[in-house]
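Listed below are the residues making up each chain.
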Amino acid sequence: MTIRELTGDDLPFLREMLYAALDWRDRWWFPPRRLVLRHPQVVVFHRDWGRAGDAGFVAEEDGRAVGAVWWRLFTEEAHGEGFVDEETPELAIAVVADARGRGIGRALMEAMHEHGRRTGVARVSLSVEPENPAKRLYERLGYVDHEPGDGLGRMTLDLA
Ligand SMILES: CC(C)(COP(=O)(O)OP(=O)(O)OC[C@H]1O[C@@H](n2cnc3c(N)ncnc32)[C@H](O)[C@@H]1OP(=O)(O)O)[C@@H](O)C(=O)NCCC(=O)NCCS
């Protein structure tokens, strides 16, 4: 497995991974990708990719993209559920279903954190549903609940 920086050419894969992150339970009735990706709360994670502060990584196995992590800075006016403040990027991640549980997600997160430390990002946030097993991975990486009980599932990690 190799990890490389995400580029504008990866946008279709980023969208596929965004859908996978939202449909983490893999439910048969989940709305189709095209509708989900257009939803105002979802579109903010991929529209106009390449803005200042956008960054991400792709994991590949034998030339096949198997996972992606990325983050963006948001504003008070337009942001995702994991928004904390305008200086803290919000992270999203998914690994393709047949490659999960083999350390790819952890390696992607660590690449993102390392990038943050190199570029002076003090803190990262995300939003996760409490029953999502991904939460255990985040906790192992040092993420802590941000205002627990507010129903937003926000977690943050200090990088500084
Ligand atoms: C969460 C995710 C990115 C982790 O990537 P990964 O490569 O499976 O993770 P790793 O192998 O590095 O680490 C394993 C940990 O990931 C978590 N995990 C979440 N879903 C998992 C799955 N389907 N299979 C295995 N591990 C999973 C668990 O915490 C697991 O640790 P555990 O074995 O102690 O339970 C990946 O499982 C995934 O894409 N899940 C569906 C989408 C999603 O939930 N995205 C995050 C939304 S907030």
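What you are looking at is a predicted structure, and each value in this text was computed from that prediction instead of being measured.

Visitor: So what exactly am I meant to see when it comes to the nonpolar core here?
Guide: Grouped burial of nonpolar side chains is what soluble globular proteins tend to show. Counting 50 residues, the largest nonpolar core has Trp 70, Leu 91, Tyr 138 and Tyr 143 as its most contacted members. No other element matches the seven residues that helix 1 (residues 11-22) contributes to this core.

Visitor: Whenever I open this one, unusual backbone geometry confuses me. Can you help?
Guide: What is expected of a backbone is that most residues other than glycine have negative phi and most peptide bonds are trans. With a phi angle near 55°, Asp 26 is a residue other than glycine that sits in the positive phi range. One non-glycine residue with positive phi stands out, namely Asp 62, at about 50°. With respect to the helices and strands, the residue Asp 62 is situated in the loop between strand 2 (55-61) and strand 3 (64-72). Here Asp 62 falls in the exposed class, since its relative accessible area comes to 85%.

Visitor: Would you take a moment to explain the site of the ligand for this structure?
Guide: Residues in contact with the ligand amount to 22 residues; listed here are only the nearest, Gly 101, Gly 103, Gly 105, Pro 133 and Arg 136. At 2.7 Å from an oxygen atom of the ligand is found a main-chain nitrogen or oxygen belonging to Gly 105. Within the backbone of Leu 137, a nitrogen or oxygen atom sits 3.3 Å from an oxygen atom of the ligand. In isolation the ligand exposes 840 Å². Once the protein is present, 78% of that is buried. Looking at the shell around the ligand, the elements that each hand over two or more residues are helix 1, strand 4 (90-95), helix 4 (104-118) and helix 5 (134-140). Element by element, the count of residues in the shell around the ligand is highest for helix 5, at five residues. For the shell around the ligand, a count of residues per class yields twelve nonpolar, five polar and five charged.

Visitor: I would appreciate a short explanation of helix 4 in the present structure.
Guide: In an α-helix, one full turn covers 3.6 residues, which means residues spaced three or four apart are oriented alike. End to end, helix 4 covers 21 Å across 15 residues, agreeing with the expected 21 Å (1.5 Å per residue, within 8%). Every buried residue of helix 4 is listed here: Ile 104, Gly 105, Leu 108, Met 109, Ala 111, Met 112, His 113, His 115 and Gly 116. The first or second residue beyond helix 4 is Gly 120, which carries a positive phi of 80°.

Reading the values: rules and limits
- Residues numbered from 1 in each chain as written.
- Predicted model: local features only at pLDDT ≥ 70, side-chain atom pairs only at ≥ 80, totals over all residues.
- Heavy atoms only, no water.
- Core = buried A, V, L, I, M, F, W, Y, C linked by side-chain atoms within 4.5 Å.
- Buried < 20%, exposed > 50% of the residue type's maximum accessible area, 1.4 Å probe, protein only.
- Helix = DSSP H or I, 4+ residues; strand = E, 2+ residues; numbered from the N terminus.
- Near = heavy atom within 4 Å.
- Polar contact = N/O pair within 3.5 Å; in protein donor to acceptor, adjacent residues only side chain to side chain.
- Areas by Shrake-Rupley, 256 points an atom, 1.4 Å probe, with all protein chains shown as cover.
- Nonpolar A, V, L, I, M, F, W, Y, C, P; charged D, E, K, R; others polar.
- Expected span 1.5 Å × (residues − 1).

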